[in-house]
2 protein chains.
Amino acid sequence: MAKSYLSMTKDELLICLNNVKSEYEALKSKGLSIDMSRGKPGADQLDISDGMMSVFEDGNFKCENGMDVRNYGILDGIPECKKLFADLLEVKPENVIVGGNSSLSMMFDYVAQCMFMGAGFTPWSQQGKVKFLCPCPGYDRHFAICEYLGIEMVNIPMTAEGPDMDAIEEAVKDSSVKGMFCVPKYSNPQGITFSAETVKRIANLETAADDFRIIWDNAYIVHDLTEKSDELVNIFDVLPERNKNMVIEVASTSKISYPGAGVACLASSVENIKEILKRLTIQSISYDKVNMLRHVRFFKDVEGIKAHMQLHAKILKPKFDAVVDKLNSELSGLGIAEWNVPNGGYFVSLDVTGGSASRVGVLCKEAGVTLTNVGATFPYGKDPSDSNIRIAPTFPTPEVLSQAMDVLVASVKLACLENLSK
Amino acid sequence: MAKSYLSMTKDELLICLNNVKSEYEALKSKGLSIDMSRGKPGADQLDISDGMMSVFEDGNFKCENGMDVRNYGILDGIPECKKLFADLLEVKPENVIVGGNSSLSMMFDYVAQCMFMGAGFTPWSQQGKVKFLCPCPGYDRHFAICEYLGIEMVNIPMTAEGPDMDAIEEAVKDSSVKGMFCVPKYSNPQGITFSAETVKRIANLETAADDFRIIWDNAYIVHDLTEKSDELVNIFDVLPERNKNMVIEVASTSKISYPGAGVACLASSVENIKEILKRLTIQSISYDKVNMLRHVRFFKDVEGIKAHMQLHAKILKPKFDAVVDKLNSELSGLGIAEWNVPNGGYFVSLDVTGGSASRVGVLCKEAGVTLTNVGATFPYGKDPSDSNIRIAPTFPTPEVLSQAMDVLVASVKLACLENLSK
């Protein structure tokens, strides 16, 4: 193991700094241009769903209730697609609405609905200040919804078990705290799956607000990288009666089939589903039912989805391994960085010491590697300790990924050495 | 020509009533079950777009800028689809956002945005009472958006040239009047195309509200039934500088390709497009780009769309003819009904005298024919003169349509005779 920078003398640090600087400059001179900013599947991952494109060759567009999916109608999704998602989420079809190609839209529309039309009570926007709890590091697009709608965000630290439940239980005593965003499985970016205890404590929250809502974004519900899948407790199974309307779960096939043309879904209590359909019946005539049937015909059932996910894992595992191996071999023992080794999801989360993350972002950028904006994993784009870096290994080819990781580890060393040798 | 009921003696009316009653009862005894409630294309119309399903047989998913449409990205639509809609709407691609499968959603989301986030000024919802002008009879789903969002609706009568412009010019002097819904071509339900003069007067409105918006729902932009297409002036061509942000146009392929799986679009000033994208970038990552490219590959260009619309017209014209022929042969000269003969669109609008429309709806229903809810063509579902009936001839087969029309004309005669012979 390498000697920790933290135990080096100033002279040793300066020697290291000079060496790393040369390494970095050499990498920079390659003139790379690599985008690792988003959790985007690679083209080879998209190819494995192309069979979807020929499922209507037989000209049969009828779904199981006899309806022609090409025509108008059915607001909450065709029955077989409701069932597919119900099975996937382990809920009943009556608790499911099948959406368009974006679970993000379903979340946005729902939070906006609570804000302006209310969640069973006076609209949030008419109740004074509204706050959301945001476990972080987290997903920037959740934070963006809050910011756009004028919802104040409260940082909740993440632990290895999920969000800090003591902090949450305390925070929800404030009735202006109206909700929380969670990615409970393979969290973005840390790949943490909430423990059974955490899910139970969330389900049993005693919130001051009667109209408190949890957006349970199960984006990586079947997105395992290894045979050792993390287990997430089904929150609906542990919800007490008093909290029966508290949880809105969403998921999608964006990272199962196509990110640009998948199918999203939402699950909640029958009461919430009814409230959402009240809006939807005004907002739309139906989501794209042809695409729903296309997905059902292609995947058939949850087993079909799971088999398909193994094909994704086969492509993705080597990429995640390459990232983790490089972090292990280059940064282990230096005392300047920590990272997770996720069993699923789309990211590796890297934490650097000494408030150096922004500097790492700049160094990477100058050497042609675009990371997710440093800070983006926190509300308002502000990482209080300037430590978190989200690594998105899925899109680049393995060769490109290897080059990008060389730049990243050199940048981490350089930024931390600059800092330590000051 | 038949003798007008209005010139009959009471005895003559009673004889007529008895005859018509027998006719109606005979029809009722057939036990029909026909749904003519919505403007739904027939299955044969859907079939002509099935070629769309095989456009990706070559495995090429790249759009013209090299992007893989299966993946994330491009919020405002792929370039070739923006161009296709720009050409169709006769605007520039920079003025277009390509949406999902629903122009209704684009309208709902935009009006909600103005309501809660504002149209360049304080959100409408924070300006006290908000009103919309609703030319009527009109499209029930427009009215439903207003009602859901708490926007008060003001009836504006339709004339043969479009909405009553004197009434509109007067109404917009009220600064709480924030907008108007229009179906400017082959209006729903009357099939009226706004005259050049009407479009110009709308474009040049002097509104008291600086944040006045017109939702220009060009749902039937290329939906001609005959070779003699109505001409609609492009409102963007006649907008004075001061009103440059006033118009939001939408259209879709719902009645060009598939109602359940088409592509919608929105056109407006660059400034408005920017405001909408500010929301969309929070609400979504992209609409379904695979479906966009599927449409462009299938239709190729506006000429392709126009050729395709001739296939629709070939199917639809006989249905509209059957409706109009039946109205002509059975109701002409009776003095109890008037109707339009549209050159395009999806409806025939029938007006009956003496406040009998609701009664016609009930009689039809009892004889197994479901019409669009009588009243639905007016704000709040209330037709002040209880006269308007929307006939949607597109979905039934010609034989079924003929049966339905027999029921309808008998019901009209019966309802009016009941009334006149009181």
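Preceding this paragraph is the structure being described.
(A) Structural view of helix α11 (residues 357-366) of chain A. Residues and elements named next belong to chain A. When α11 is considered as a whole, its buried residues turn out to be Ala357, Val360, Gly361, Leu363 and Cys364. Buried residues of α11, viewed axially, fall in a sector of 165 degrees; they line one side. Where α11 is buried, its residues contact α1 (10-28), β11 (348-352), β12 (369-371), β13 (388-391) and α12 (398-420). Immediately beyond the C-terminal end of α11, within one or two residues, lies Gly368, with a positive phi of roughly 90 degrees.

(B) Spatial organisation of the side chain of Asp217 of chain B. Residues and elements named next belong to chain B. For Asp217, the position within the fold is in strand β7 (residues 213-217). Although buried, Asp217 forms no salt bridge, and the nearest oppositely charged side chain, Lys255, lies 8.5 Å from it. Discounting chain neighbours no more than four positions away, the residues touching Asp217 are Met107, Tyr139, His142, Cys182, Val183, Pro184 and Val250.

(C) The interface of chain A and chain B, seen in detail. Contacts between chain A and chain B engage 51 residues on the former and 51 residues on the latter. Counting each side, the surface lost to burial between chain A and chain B is near 4,200 Å², with a carbon and sulfur contribution of 57%. For the interface between chain A and chain B, the tally reads four salt bridges. With a closest N to O distance of 2.9 Å, Asp47 of chain B and Arg70 of chain A form a salt bridge. Between the two partners, chain A and chain B, sit 16 residue pairs in polar contact (both at pLDDT 80 or more). Listing elements by their share of the side of chain A that touches chain B, those giving two or more residues are α2 (43-47), α4 (103-116), α5 (140-149), α8 (270-283) and α9 (289-299) of chain A. With six residues, α4 of chain A is the largest single contributor of residues to the side of chain A that touches chain B. Of the residues contributing to the side of chain A that touches chain B, the split by class is 24 nonpolar, 13 polar and 14 charged.

(D) Quick look at empty space enclosed by the protein. Applying the stated rule across the entire model yields ten cavities of 30 Å³ or more. Considering only enclosed or pocket space, the largest cavity measures out at about 420 Å³ in volume. Lining the largest cavity are 30 residues, with Gly100 and Tyr287 of chain A together with Gly100, Asn101 and Tyr287 of chain B sitting closest to its centre. When residues of the lining of the largest cavity are traced back to their parent elements, those giving at least two are α4 and α8 of chain A together with α4 (103-117) and α8 (270-283) of chain B. Broken down by element, the residue count for the lining of the largest cavity peaks at three residues, all from α4 of chain A. Taken as a whole, the second largest cavity holds about 220 Å³ of empty space. Together, 20 residues line the second largest cavity, and Ala112 and Phe116 of chain A together with Phe108, Ala112 and Phe116 of chain B are the ones closest to its centre. Where the lining of the second largest cavity is concerned, the elements lending two or more residues are α4, α5 and α8 of chain A together with α4, α5 (140-149) and α8 of chain B.

The rules behind the values
Residues numbered from 1 in each chain as written. Chains lettered and ligands numbered in written order. Predicted model: local features only at pLDDT ≥ 70, side-chain atom pairs only at ≥ 80, totals over all residues. Heavy atoms only, no water. Buried < 20%, exposed > 50% of the residue type's maximum accessible area, 1.4 Å probe, protein only. Helix = DSSP H or I, 4+ residues; strand = E, 2+ residues; numbered from the N terminus. Arc of directions from axis to C-beta. Contact = heavy atoms within 4.5 Å. Lys, Arg positive; Asp, Glu negative; His and termini not counted. Salt bridge = Lys/Arg side-chain N within 4 Å of Asp/Glu carboxyl O. Buried area = accessible area lost by both parts, 1.4 Å probe. Polar contact = N/O pair within 3.5 Å; in protein donor to acceptor, adjacent residues only side chain to side chain. Nonpolar A, V, L, I, M, F, W, Y, C, P; charged D, E, K, R; others polar. 1 Å grid on protein atoms, 1.4 Å probe; cavity = no way out; pocket = protein on both sides within 12 Å on 5 of 7 lines; lining within 4 Å. Points joined across faces, edges and corners; volume = space filled by probe spheres on them.

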